[in-house]
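# Chain and residue survey
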Amino acid sequence: MITSDWTKWKFIFCDERVVPFDNAECTFSIYKYNLFSKIPFNDEQFVIIDPSLPAKQAAEDYERKLRALYPDNVDLPKFDLLLLGAGPDGHTCSLFPGHPLLDVTDRWVASIDDSPKPPPSRVTLTYPIINNALSAVFAFAGAGKAELVKRLLKDKEDLPATRVKPAELLWILDRAAASQL
Ligand SMILES: O=C1O[C@H](COP(=O)(O)O)[C@@H](O)[C@H](O)[C@H]1O
């Protein structure tokens, strides 16, 4: 059990699907009801997208909200910890293999309307922000992630997830996810 002054925490989302809060694909709502309901946070501690906006405007709005966390006008934010997953194609956040978003360096947050994984409209942090973080954790569980974990950690394929290179990168795997290493 972690003991912490939870009121000091701020939560941002590395990516989010542009869907209403009551949609099963809304990452904020998944966290809110499954994890955050167990810890005493209040809504002001979350930086969330405005899902009523089209993806491009939602990304601009979300970047404004992130910038507001840094009154000193930093060029790049330095987040303490990014908690990441990756899909079977090697995507992480909403950065998909071969997609032009992989090369975006002029924004903290980008939008996508043609995500290969539904839902199609999403906002995502870009690599300059991801790789400026103090630390990131990739967490994988289950046999369904075993081949992906092998491609990332053993084969070191050039995939969106292997381009994540913050100051410190940790991997949390259960035995099944690590079974092909
Ligand atoms: O759509 C997303 O998928 C990945 C994880 O993929 P899954 O196969 O485990 O569902 C996630 O890391 C990403 O942030 C999310 O938007």
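Our subject is the structure listed above.
As the structure is a prediction and not an experimental result, all values here were calculated from the model. (Residues numbered from 1 in each chain as written. Predicted model: local features only at pLDDT ≥ 70, side-chain atom pairs only at ≥ 80, totals over all residues. Heavy atoms only, no water.)

## Brief notes about the site of the ligand
Neighbouring the ligand are the residues Asp15, Arg17, Gly85, Ala86, Gly87, Pro88, His91, Cys93, Lys117, Arg122 and Lys145. A distance of 2.9 Å is found between an oxygen atom of the ligand and a side-chain nitrogen or oxygen belonging to His91. The contact in question runs from an oxygen atom of the ligand to an N or O atom on the side chain of Lys117, over 2.7 Å. Surface burial for the ligand is 73%, taken as the share of its 390 Å² of free accessible area covered by protein chains. Spatially, the ligand is embedded in the largest pocket. Of the residues contributing to the shell around the ligand, the split by class is three nonpolar, three polar and five charged. (Near = heavy atom within 4 Å. Polar contact = N/O pair within 3.5 Å; in protein donor to acceptor, adjacent residues only side chain to side chain. Areas by Shrake-Rupley, 256 points an atom, 1.4 Å probe, with all protein chains shown as cover. 1 Å grid on protein atoms, 1.4 Å probe; cavity = no way out; pocket = protein on both sides within 12 Å on 5 of 7 lines; lining within 4 Å. Sits in = over half its atoms within 2 Å of the grid points. Nonpolar A, V, L, I, M, F, W, Y, C, P; charged D, E, K, R; others polar.)

## Examining the sheet that holds strand S4 (residues 122-125)
In a beta sheet, neighbouring strands pair by backbone hydrogen bonds and run either parallel or antiparallel. One open sheet accounts for three strands, arranged S1-S4-S3; its pairing is antiparallel. In the strand order of this sheet, the two ends are held by strand S1 (15-17) and strand S3 (109-112), each with one partner. Averaged over all adjacent pairs, the angle separating strand axes in this sheet is 15°, with direction ignored. Sheet analysis places S3 next to S4, joined by four bridges and oriented antiparallel. The residue bridging Ser111 from the neighbouring strand is Val123, located in S4. (Pairing = 2+ DSSP bridges. Helix = DSSP H or I, 4+ residues; strand = E, 2+ residues; numbered from the N terminus. Axes fitted to C-alpha atoms, helices over the stretch in contact; angles between N-to-C directions.)

## Structural notes on the nonpolar core
The nonpolar side chains of a soluble globular protein tend to be buried, and buried together. By size, the foremost hydrophobic cluster in this structure holds 50 residues, and its most contacted members are Tyr62, Leu66 and Leu125. Contributing elements (two or more residues each) for this core: helix H2 (55-67), strand S2 (82-84), S3, S4, helix H3 (127-130), strand S5 (135-140) and helix H4 (146-154). Per-element tally for this core: the top contributor is H2, with five residues. Other than its neighbours up to four places away in sequence, Tyr62 contacts Ile12, Phe13, Val47, Ile48, Ile49, Val109 and Val123. (Core = buried A, V, L, I, M, F, W, Y, C linked by side-chain atoms within 4.5 Å. Buried < 20%, exposed > 50% of the residue type's maximum accessible area, 1.4 Å probe, protein only. Contact = heavy atoms within 4.5 Å.)

## Brief notes about the packing of aromatic side chains
Per the stated rule, a full pass over the model turns up 15 aromatic pairs. For the ring pair Phe138 and Phe140, a centre distance of 5.9 Å and an interplane angle of 10° mean the geometry is stacked. For Phe138, a relative accessible area of 0% corresponds to the buried category. One aromatic cluster is present, built from ring pairs that chain together Trp6, Trp9, Phe11, Phe13, Phe21, Phe28, Tyr31, Phe41 and Phe46. Its end group placed over the ring of Trp108, Arg67 keeps NZ or CZ at 4.1 Å from the ring centre. (Phe/Tyr/Trp six-rings, centres within 6.5 Å; stacked < 30°, edge-to-face > 60°. Lys NZ or Arg CZ within 6 Å of the ring centre and 35° of its normal.)

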